[in-house]
Amino acid sequence: MNKFARALYPHKELYPHKEKVYVSVTSEIDTTGFMHPKKLEWTNGRIYNIEEVRDFRPADTIGMGYSGDCYTVVIKGKEKRLFFEHAPFPPRFGRWFVEVIAG
């Protein structure tokens, strides 16, 4: 980061650029309509069990104009954030993604 950019964004190093990685998620929908993610399949085919959903909250997709949800889940004993992005057009329902540090 150059001197000018550092002056404008002094805390940029604290917030590294993140990219979306779309993943397959197996989920269940209960009688109240709440979606419970159960398993996540990474892009290389590896499957991770979601041990617990600790939090759920609405979360917009910044700059993309899509509405979505953020799930705080536990995978292999660690908290992770898993996002569901609602599709802006039918017949798609939406898709899941995780954020990874770019680079």
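Residues numbered from 1 in each chain as written. Predicted model: local features only at pLDDT ≥ 70, side-chain atom pairs only at ≥ 80, totals over all residues. Heavy atoms only, no water.

Asker: It is not clear to me how the overall build of the chain should be interpreted in this structure. Could you clarify?
Answerer: When its secondary structure is counted, the chain shows 1 helix and 7 strands. For the chain, the N- to C-terminal ordering of α and β elements is α-β-β-β-β-β-β-β. When the 103 residues of the chain are sorted by exposure, 23% land in the buried category. As displayed, the chain has an accessible area near 7800 Å², and 54% of this comes from carbon and sulfur atoms. (Helix = DSSP H or I, 4+ residues; strand = E, 2+ residues; numbered from the N terminus. Buried < 20%, exposed > 50% of the residue type's maximum accessible area, 1.4 Å probe, protein only. Areas by Shrake-Rupley, 256 points an atom, 1.4 Å probe, with all protein chains shown as cover.)

Asker: Would you take a moment to explain the nonpolar core for this structure?
Answerer: Side chains that are nonpolar tend, in soluble globular proteins, to be buried together. In this structure, V23, L40, Y71, L82 and W96 are the most contacted members of the largest nonpolar core, which totals 13 residues. Taken together, the elements giving at least two residues each to this core come down to β1 (18–29), β2 (35–41), β5 (68–75), β6 (78–86) and β7 (94–101). Residues within four places of W96 in sequence aside, it is in contact with V21, Y22, V23, V25, S27, M35, P37, Y71, L82, F83 and F84. (Core = buried A, V, L, I, M, F, W, Y, C linked by side-chain atoms within 4.5 Å. Contact = heavy atoms within 4.5 Å.)

Asker: For this particular structure, what's the right way to read the sheet that holds strand β3 (residues 47–49)?
Answerer: For sheets, the rule is that strands pair by backbone hydrogen bonds, running either parallel or antiparallel. Taken together, the 7 strands give an open sheet; going across it, the order is β3-β2-β1-β7-β6-β5-β4, and neighbouring strands pair in antiparallel fashion. In this open sheet, the two strands that pair with only one neighbour each are β3 and β4 (52–58). Sheet twist, expressed as the average angle between the axes of neighbouring strands with direction ignored, equals 40°. Here 6 bridges tie β1 to β7, and the two strands are oriented antiparallel to one another. What sits directly across from K18, in β7, is I101. (Pairing = 2+ DSSP bridges. Axes fitted to C-alpha atoms, helices over the stretch in contact; angles between N-to-C directions.)

Asker: Sorry if this is basic, but what is going on with the pairing of β2 here?
Answerer: Side-chain direction in a regular strand flips from residue to residue, so the side chains alternate between the two faces of the sheet. Pairing analysis gives 6 bridges linking β1 to β2, with the strands arranged antiparallel. Pairing of S27 across the sheet is with P37, part of β2. Counted between consecutive antiparallel strands, the loop separating β1 from β2 contains 5 residues, among which G33 sits at a positive phi close to 95°. In this structure, β2 lies alongside β3, joined through 3 bridges in antiparallel fashion. In the sheet register, L40 faces β3, and the bridge partner there is Y48. Between β2 and β3, which pair antiparallel and follow one another directly, the connecting turn spans 5 residues, one of which, G45, has a positive phi of 95°.

Asker: Which parts of the structure should I look at to understand a positive patch on the surface?
Answerer: Taken together, the side chains of R46, K76, K78 and K80 present a region of like positive charge at the surface. Summarising the element assignment, K78 is placed in strand β6. For K78, a relative accessible area of 54% translates into the label exposed. (Patch = residues over 30% accessible without salt bridge, like charges linked within 9 Å, V, L, I, M, F, W, Y side chains within 5 Å. Salt bridge = Lys/Arg side-chain N within 4 Å of Asp/Glu carboxyl O. Lys, Arg positive; Asp, Glu negative; His and termini not counted. Charge placed at Lys NZ, Arg CZ, Asp CG, Glu CD.)

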